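Descriptive structure summary
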Amino acid sequence: MDFRLTSDQTALRAGAREMFARLFPPERLREALAEAAPAGTSGGPAPRLDRALWRGLGAGGFFSLRLPEAAGGAALGMPEAVLLFEEAGRVLLPGPLVATHLAAGLVPGAATGGTVVTVVDGELIEWLAEADHVLGSYEAAEPIRSVDPLTPLHRALGGPVAPASGEAVLLTAAQQVGSAARTLEIAVQHARTREQFRQPIGAFQAVKHLCADMLVRLELARTAVYAAAVTGDRYETAAAKLLADEAAARNARDCLQVCGGMGFTWEAEVHLHIKRAWVLAARGGGAAAYEEMLAEQLGDRVTGWATARAAG
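Parameters at a glance
Residues numbered from 1 in each chain as written. Predicted model: local features only at pLDDT ≥ 70, side-chain atom pairs only at ≥ 80, totals over all residues. Heavy atoms only, no water. Helix = DSSP H or I, 4+ residues; strand = E, 2+ residues; numbered from the N terminus. Buried < 20%, exposed > 50% of the residue type's maximum accessible area, 1.4 Å probe, protein only. Axes fitted to C-alpha atoms, helices over the stretch in contact; angles between N-to-C directions. Parallel < 35°, antiparallel > 145°, perpendicular 65-115°, else oblique. Left-handed = near helix turned anticlockwise from the far one by under 90°. Nonpolar A, V, L, I, M, F, W, Y, C, P; charged D, E, K, R; others polar. Contact = heavy atoms within 4.5 Å. Polar contact = N/O pair within 3.5 Å; in protein donor to acceptor, adjacent residues only side chain to side chain. Pairing = 2+ DSSP bridges.

**Focus on unusual backbone geometry**
A positive phi is found at Ala75, a non-glycine position, where the angle reads about 55 degrees. Turning to its location among the elements, Ala75 is positioned in the loop between helix H3 (51-59) and helix H4 (78-90). Residue class for Ala75 comes out partly exposed when judged on its relative accessible area of 46%.

**Considering the packing of helix H7 (residues 205-231) against helix H8 (residues 234-259)**
One way to put it is that H7 packs onto H8 with a least axis distance of 8 Å and a crossing angle of 155 degrees. Taken together, H7 and H8 sit at an angle that is classed as roughly antiparallel. For the element pair H7 and H8, the recorded crossing hand is left-handed. Taken together, the residues of the contact of H7 with H8 sort by class into 16 nonpolar, four polar and five charged.

**Some thoughts on H3**
Every α-helix carries 3.6 residues per turn, so stepping three or four residues along brings you back to the same face. Every buried residue of H3 is accounted for by Leu53, Trp54, Gly56, Leu57 and Gly58. In this fold, the buried residues of H3 make contact with helix H1 (7-23) and helix H5 (97-103). Its side-chain oxygen 3.0 Å from the backbone nitrogen of Ala52, Asp50 forms the N-cap of H3. Residue Gly61 follows H3 closely and has a positive phi angle near 85 degrees.

**Concerning the pairing of strand S5 (residues 153-157)**
Note that strand S2 (residues 124-126) and S5 share three bridges and pair antiparallel. Across the sheet, residue Leu124 finds its bridge partner in S5, namely Arg155. In terms of strand pairing, strand S4 (residues 140-144) meets S5 through five bridges, oriented antiparallel. Residue pairing in the sheet places Ala141 in a bridge with Ala156 of S5.

**A closer look at the sheet that holds strand S3 (residues 133-135)**
Sheets are built from strands paired through backbone hydrogen bonds, the pairs being either parallel or antiparallel. Taken together, the five strands give an open sheet; going across it, the order is S3-S1-S2-S5-S4, and neighbouring strands pair in mixed fashion. Edge positions in the sheet fall to S3 and S4, since each of these pairs with one other strand and no more. Averaged over all adjacent pairs, the angle separating strand axes in this sheet is 30 degrees, with direction ignored. Judged from the three bridges that link them, strand S1 (residues 117-121) and S3 form a sheet pairing that is parallel. Among the inter-strand pairings, Thr118 is bridged to a residue of S3, identified as Val134.

Spelled out as structure tokens, the structure:
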């Protein structure tokens with residue numbers, strides 16, 4: 001199967017990167033962080049969702065990408081949506097992006113960014129205080145401390161616990177791939193420019209190995225996400241989520257290692273990536289839910305092979 005991007009997909013990715021650079025430049029990320037966690041603390045007030053940003057995303061077709069043209073969309077598919085969410089993860093775009101994207105065409109105003117939609121994801125609800133519409137049911141919710149200051153969380157109390165949809169899982173995995181790609185870029189750039197003993201630290205074997213491992217994790221996760229976007233297979237989606245979660249968290253950790261002590265400070269972008277990676281990894285029940293799904297598939301295959309062999 002050929003996973004190389006078409007010219008239209010390459011143009012879509014470039015357009016998405018330009019749109020995010022315009023709507024959510026690095027300085028806006030810093031402003032949002034300062035508002036949510038003053039002076040680099042982790043216990044600041046809950047962040048406010050930028051409604052102008054949300055409407056801008058709606059105008060740019062972020063939420064309506066997969067709607068038919070008659071409904072104001074671009075009539076594209078999951079592979080294109082994955083590219084869009086990968087770029088969103090690269091710049092740490094905040095907000096309930098997945099829920100609002102999936103609600104386009106179902107909830108009035110979601111497609112245009114006029115309505116903010118969130119979802120009850122297991123026991124967690126992101127951006128509840130800022131949401132206009134909540135998918136799923138719960139009896140009550142209590143705010144809990146989030147490790148990511150730009151992803152406020154509530155714990156849902158009561159109500160049925162519905163598993164995350166395959167589309168939600170895959171789009172979250174795409175965000176993780178984007179984050180893993182960005183932390184690789186940061187590490188390589190630092191390794192090229194930071195000097196020690198009168199030479200770039202990238203010349204040292206240990207640093208080379210860290211960057212190489214980051215690239216391997218990224219490409220493995222990206223390929224798995226792209227494949228799942230094409231096939232729509234639930235088990236491939238589960239595997240893609242596990243690989244993407246690992247790539248995002250471990251790439252951020254290795255990027256911290258390459259950057260040294262400065263990587264642990266709030267001023268460092270990688271500091272924000274590792275926190276976002278941890279939060280996104282908890283979506284849909286965390287790794288255990290997907291590991292159990294894949295173990296179930298493996299068990300079914302072993303049983304099938306054993307039955308076929310006994311019959312033969």
